[in-house]
Amino acid sequence: MKAVGFNRPLPVSDENSLLDIELPTPEPKPHDLLVEVHAVSVNPADVKVRAAHTPAEGQYRILGWDAAGVVKAVGSAVRGFAAGDEVYYAGAINRQGSYAQLQAVDSRIAAQKPRTLDFAQAAALPLTALTAWETLFDRLDVNKPVAGGSRALLLVGGAGGVGSITVQLLKTLTDIQTIATASRPESEAWLRSLGADFVINHHRSLPEQVAALGIGAPSWAFSTSHTEHYLPQLAELLAPQGRIALIDDPAALDANPLKGKSISLHWEFMFTRPMRETADIARQGEILAKVAQLVDEGRLQTTATHIIDGINAANLRRAHQMVERGDMVGKVVLAGW
């Protein structure tokens, strides 16, 4: 089968950073689906692993943690799926990824794709939807009020893939006001179109801008990038006993500013459930099924903003460059072999 992989970490500008290769068809495990991949999207996780990982001698690492495709075969322990089903999923970071014509993925972390979306539109959603959902409802527990705090959440870095879904989930499933940060007109326009109640500039003082809104101290904050820079400001502006979540990878993080207000800190890593095969691993499939339902009801929209025709090394290098720039609005997707 065709695949795109790498065998050493190189800058994406190097044509050898991602290579067109041929690999044998993967053998599905008992819980696995064997999926014919029709579309993939590129996330910051793809870029980080490509830049830092060195595969074993003579081996290729296949990236890709977002896919939509058609089930070709099912493992002996699989329930609820059959050959011919159209599915979507984010996969597991400790297994070979979706930059391949065929991929084996645990059925418990997959779901039937939204009926109203094509494969490219659906492939933009899984990783970011899971990250946003787990952050809001499993980590921050936004359905549990913070005494004295306003029903508001500050979202740092709102226009990217995770932020774009977070805004929609808050608008669709809660009565929480969203304060999202952006610094460019196109990012602000995108966030407002998704339902953000307020948009402020992350290059200016966050506490001053939030205070000027006149809605009180927010109960929650969700930081998608540069958390080490923003944490002192988040501690200042949040209500006492508020909750902060983050998804980035600071080299170091000083949590001392949180103590005076008993603010709790929650780290979200979407791959925890599939990597560790946790007792509740099937929750990811359940979340994706709920997301698909919300999409088909017209309550959520795809975040695909750039669709590239053809899954191959050259196009994936181009997509990685787009993500590396750090100014993406929405998601970049590749479709078709």
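Help me out: how do you make sense of the environment of Lys-113 in this one?
In this fold, Lys-113 is placed in the loop between strand E7 (110-112) and helix H2 (119-123). When sequence neighbours within four positions are dropped, the list of residues in contact with Lys-113 reads Glu-86, Val-87, Tyr-88, Asp-118, Phe-119, Ala-122 and Ala-292. Among the polar contacts listed, one links the side chain of Lys-113 to the backbone oxygen of Leu-117, at a separation of 2.4 Å.

I tried to follow the environment of Ser-205 on my own but got confused; where do I start?
Note that Ser-205 resides in the loop between strand E10 (198-200) and helix H6 (206-213). With relative accessibility at 26%, the residue Ser-205 sits in the partly exposed group. Taking the C-alpha atoms as reference points, Ser-205 and Val-167, 38 residues apart in sequence, are found 21 Å from one another. From its side chain, Ser-205 meets the backbone nitrogen of Glu-208 in a polar contact 3.2 Å long.

Looking at this model, I keep getting lost on the pairing of strand E8 (residues 150-156). Mind explaining?
In terms of burial, E8 is a largely internal element, 6 of the 7 residues being buried. In the sheet, E8 pairs with strand E11 (residues 218-223) via 5 bridges, with the strands oriented parallel. Bridge pairing links Leu-153 to Trp-220 in E11. Where E8 and strand E9 (residues 177-181) come together, 4 bridges link them in parallel fashion. Residue pairing in the sheet places Leu-153 in a bridge with Thr-178 of E9.

Would you mind going over helix H9 (residues 283-296) with me for this structure?
Residues spaced three or four apart along an α-helix face the same direction, because each turn holds 3.6 residues. Over its 14 residues, H9 extends 20 Å from the first C-alpha to the last, a length consistent with the 20 Å expected when each residue adds 1.5 Å. Tucked into the core, H9 has its buried residues touching strand E5 (86-89), E7, helix H3 (126-139), helix H4 (161-173) and helix H8 (272-276). Where H9 terminates, the next one or two residues include Gly-298, which has phi positive at roughly 80°.

How do you make sense of the pairing of strand E15 (residues 331-335) when you look at a structure like this?
Working note: regular strand, side chains alternate between the two faces of the sheet. The buried count for E15 comes to 5 of 5 residues, which makes it a mostly enclosed element. Alternating positions in E15 separate into two faces, Lys-331, Val-333 and Ala-335 on one and Val-332 and Leu-334 on the other, with burial throughout. Of the strand pairs in this sheet, strand E3 (residues 32-42) and E15 are connected by 4 bridges, and their pairing is antiparallel. Across the sheet, residue Ser-41 finds its bridge partner in E15, namely Val-333. Relative to E15, strand E14 (residues 304-309) is paired through 5 bridges, and the arrangement is parallel. Its bridge partner being in E15, Asp-309 is matched across the sheet by Ala-335. Between the parallel elements E14 and E15, the chain passes through helix H10 (residues 313-324) in a crossover that is right-handed.

Help me understand the sheet that holds E11 in this model?
Neighbouring strands of a sheet are bound in pairs by backbone hydrogen bonds; such pairs are parallel or else antiparallel. Strand order in this open sheet of 6 strands is E10-E9-E8-E11-E12-E13, and the pairing throughout is parallel. Two strands lie at the open edges of the sheet, namely E10 and strand E13 (264-267), each paired on one side alone. Each strand of the sheet is rotated relative to its neighbour by a mean of 20°, with strand direction disregarded. Sheet strands in contact with helix H5 (residues 185-194) are E9 and E10, and its direction is about 160° off that of E10. Lying on the sheet, H6 is in contact with E8, E9, E10 and E11; it crosses E10 at an angle near 150°.

Hey, could you run me through the pattern of salt bridges in this one?
Side-chain pairs of opposite charge can arise where the charged atoms are in close proximity. What the rule picks out here adds up to 20 salt bridges. Among the ionic pairs, Arg-108 bridges to Glu-277, the shortest N-O distance being 3.6 Å. Here Glu-277 lies in the loop between H8 and H9 and Arg-108 lies in the loop between strand E6 (102-106) and E7, a separation of 169 residues in the sequence. Classification of Glu-277 by relative accessible area gives exposed; the value is 55%. Via salt bridges that share partners, Glu-134, Asp-138, Arg-139, Glu-268, Arg-273, Asp-280 and Arg-283 belong to a single interconnected network.

The rules we used
- Residues numbered from 1 in each chain as written.
- Predicted model: local features only at pLDDT ≥ 70, side-chain atom pairs only at ≥ 80, totals over all residues.
- Heavy atoms only, no water.
- Helix = DSSP H or I, 4+ residues; strand = E, 2+ residues; numbered from the N terminus.
- Contact = heavy atoms within 4.5 Å.
- Polar contact = N/O pair within 3.5 Å; in protein donor to acceptor, adjacent residues only side chain to side chain.
- Buried < 20%, exposed > 50% of the residue type's maximum accessible area, 1.4 Å probe, protein only.
- Pairing = 2+ DSSP bridges.
- Expected span 1.5 Å × (residues − 1).
- Right-handed = clockwise from strand over helix to strand, strands pointing away.
- Axes fitted to C-alpha atoms, helices over the stretch in contact; angles between N-to-C directions.
- Salt bridge = Lys/Arg side-chain N within 4 Å of Asp/Glu carboxyl O.

From the geometry alone we can't say anything about function, so treat these as descriptive.
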